[in-house]
Amino acid sequence: MGEEVRLRIAPSPTGDPHVGTAYMALFNKAYAHGHGGKFILRIEDTDQTRYNEGSEREILSSLDWLGLTPDEGPGIGGPYGPYVQTQRRELYTQAAGALIAREHAYRCFCTKERLDEMYREQAARKEPPRYDRTCRNLDAVRIAWNIAEGIPHTVRLKVPDDGTTTFNDLIRGEISFENRVLNDPIILKSDGLPVYHLAVVVDDHHMMISHVVRAEEWISSTPLHVLLYDALGWEPPKFVHMPLLRNADRSKISKRKNNTSLKWYREQ
């Protein structure tokens, strides 16, 4: 391999660390070290409404207990820090600004109340929830007036109306999604913090992540990430989507059926 192999896990500090975090850490660290690379921990704490003080410490402690200590991360350091997302806000703002300037994203001034009503009406019609793109074609004068008036807004990715987005999964092969089934997702919230789609692309790019190895539940999000990489002019990493941890009956492991806390297993 010509490039440095760099893999990461990026758990959210919203409670006790999950067994799934250890599961993904095992594969990421084994592959990285098996190819002379680095294993990185990044804390995705942009959902401040669910932030749990002490959870970050528990994540590090649990990984240490399992022998899955990262090579880079919070409290460890490394050349691509900081490794906590809320300390990287400027990078997301710059990326969102670049996407708007290139007309790959747009400002959305729709209120939560309007969006909730729209989604209720779609549910009543048995339609999947989709943004109706009201703000997608606002003229520059209206946008400037809204900003001058201090009207809160988010930033949405402008997904192409037609065509397909395709990526290669090292386990599953080529996977394609029709763009018409993809929504225009919010990528930057009104508080200036990114949502997962923007943050993961920006961070993986700036941290030189070579392989994204994550659970298969993220497959449906990957075309949005590929669109973001393309819009920003960046080379995407290699993607690998792993099967989920499951019970003996093949059902998904969940808190309703199992204890999923690494802290609980450690205490036992």
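These figures come from a predicted structure and were not determined experimentally.

A. Up close: the overall build of the protein chain. A tally of helices and strands in the protein chain yields eight helices and nine strands. Taken over C-alpha atoms, the radius of gyration comes to 20 Å for the protein chain, in line with the 18 Å a tight globule of 268 residues would show. In terms of principal-axis extent, the alpha carbons of the protein chain reach across some 60 × 45 × 40 Å. Considering the protein chain as a whole, with its 268 residues, one finds that 46% of them fall into the buried category. Taking the contacts inside the protein chain whose residues are at least 6 apart along the sequence as the reference set, 75% of them involve residues at least 24 apart. Accessible surface for the protein chain amounts to roughly 14,100 Å². Of this, 51% is attributable to carbon and sulfur atoms. Here the protein chain holds 35 positive side-chain charges and 37 negative ones, and the gap between their average locations is 3 Å.

B. How the structure looks around the packing of aromatic side chains. Going through the model one piece at a time under the given rule, you end up with four aromatic pairs. Look at Tyr23 and Phe27: their rings are 5.3 Å apart centre to centre, the planes differ by 90°, and that puts the pair in the edge-to-face class. Here Tyr23 and its partner Phe27 are both found in helix α1 (residues 19-34), four residues apart, which amounts to about one turn of the helix. Classification of Tyr23 by relative accessible area gives buried; the value is 18%. Plain terms: the ring middles of Trp264 and Tyr265 are 4.8 Å apart, the flat faces sit at 85° to each other, and that makes the pair edge-to-face. Owing to a relative accessible area of 34%, Trp264 belongs among the partly exposed residues under this scheme.

C. Layout of helix α7 (residues 222-232). Across the eleven residues of α7, ten count as buried, placing the element largely inside the fold. For α7, the complete set of buried residues consists of Thr222, Pro223, Leu224, His225, Val226, Leu227, Leu228, Tyr229, Ala231 and Leu232. Gly233 sits one or two residues past α7 and shows a positive phi near 75°.

D. Region of interest: the sheet that holds strand β3 (residues 105-108). Taking strand neighbours across the sheet as the criterion, the three strands line up as β3-β4-β7 in an open arrangement whose pairing is antiparallel. Strand pairing shows two members of the sheet lacking a second neighbour, β3 and β7 (186-188), which therefore form its edges. Going from strand to strand, the sheet's axes swing by 45° on average, the running direction of each strand aside. When β3 meets strand β4 (residues 154-157), the two strands line up antiparallel, connected through four bridges.

E. Helix α5 (residues 140-148), seen in detail. The N-cap residue of α5 is Asp139: its side-chain oxygen and the backbone nitrogen of Val141 are 3.0 Å apart. Looking one or two residues beyond α5, the residue adopting positive phi is Gly150, at roughly 75°.

F. Quick look at the pattern of salt bridges. Counted under the stated rule, the structure contains 19 salt bridges. Its salt-bridge partner being Asp204, residue Arg42 comes within 2.9 Å of it at the nearest N-O pair. Of this pair, Arg42 sits in the loop between β2 (38-41) and α2 (55-65) while Asp204 sits in helix α6 (residues 196-206), and the two are 162 residues apart along the sequence. Asp204 shares its class with Arg42; the two are buried. The network of salt bridges with common partners includes Arg8, Arg42, Glu44, Arg88, Asp203 and Asp204.

G. Spotlight on the nonpolar core. Core analysis: the biggest nonpolar cluster contains 34 residues, and Leu99, Leu157, Phe167, Ile187, Leu198, Val201 and Leu228 have the highest contact counts within it. Elements with a minimum of two residues in this core: α3 (89-101), β4, β6 (173-178), β7, α6 and α7. Among all residues touching Val201, those that are not within four sequence positions of it are His225, Leu228, Tyr229, Leu232 and Trp234. Counting 18 residues, the second largest nonpolar core, distinct from the first, contains Leu41, Ile43, Ile59 and Val213.

Conventions used here
Residues numbered from 1 in each chain as written. Predicted model: local features only at pLDDT ≥ 70, side-chain atom pairs only at ≥ 80, totals over all residues. Heavy atoms only, no water. Helix = DSSP H or I, 4+ residues; strand = E, 2+ residues; numbered from the N terminus. Rg over C-alpha atoms; globule rule 2.2 N^0.38 Å. Buried < 20%, exposed > 50% of the residue type's maximum accessible area, 1.4 Å probe, protein only. Contact = heavy atoms within 4.5 Å. Areas by Shrake-Rupley, 256 points an atom, 1.4 Å probe, with all protein chains shown as cover. Lys, Arg positive; Asp, Glu negative; His and termini not counted. Charge placed at Lys NZ, Arg CZ, Asp CG, Glu CD. Phe/Tyr/Trp six-rings, centres within 6.5 Å; stacked < 30°, edge-to-face > 60°. Pairing = 2+ DSSP bridges. Axes fitted to C-alpha atoms, helices over the stretch in contact; angles between N-to-C directions. Polar contact = N/O pair within 3.5 Å; in protein donor to acceptor, adjacent residues only side chain to side chain. Salt bridge = Lys/Arg side-chain N within 4 Å of Asp/Glu carboxyl O. Core = buried A, V, L, I, M, F, W, Y, C linked by side-chain atoms within 4.5 Å.

Geometry only, nothing functional implied.
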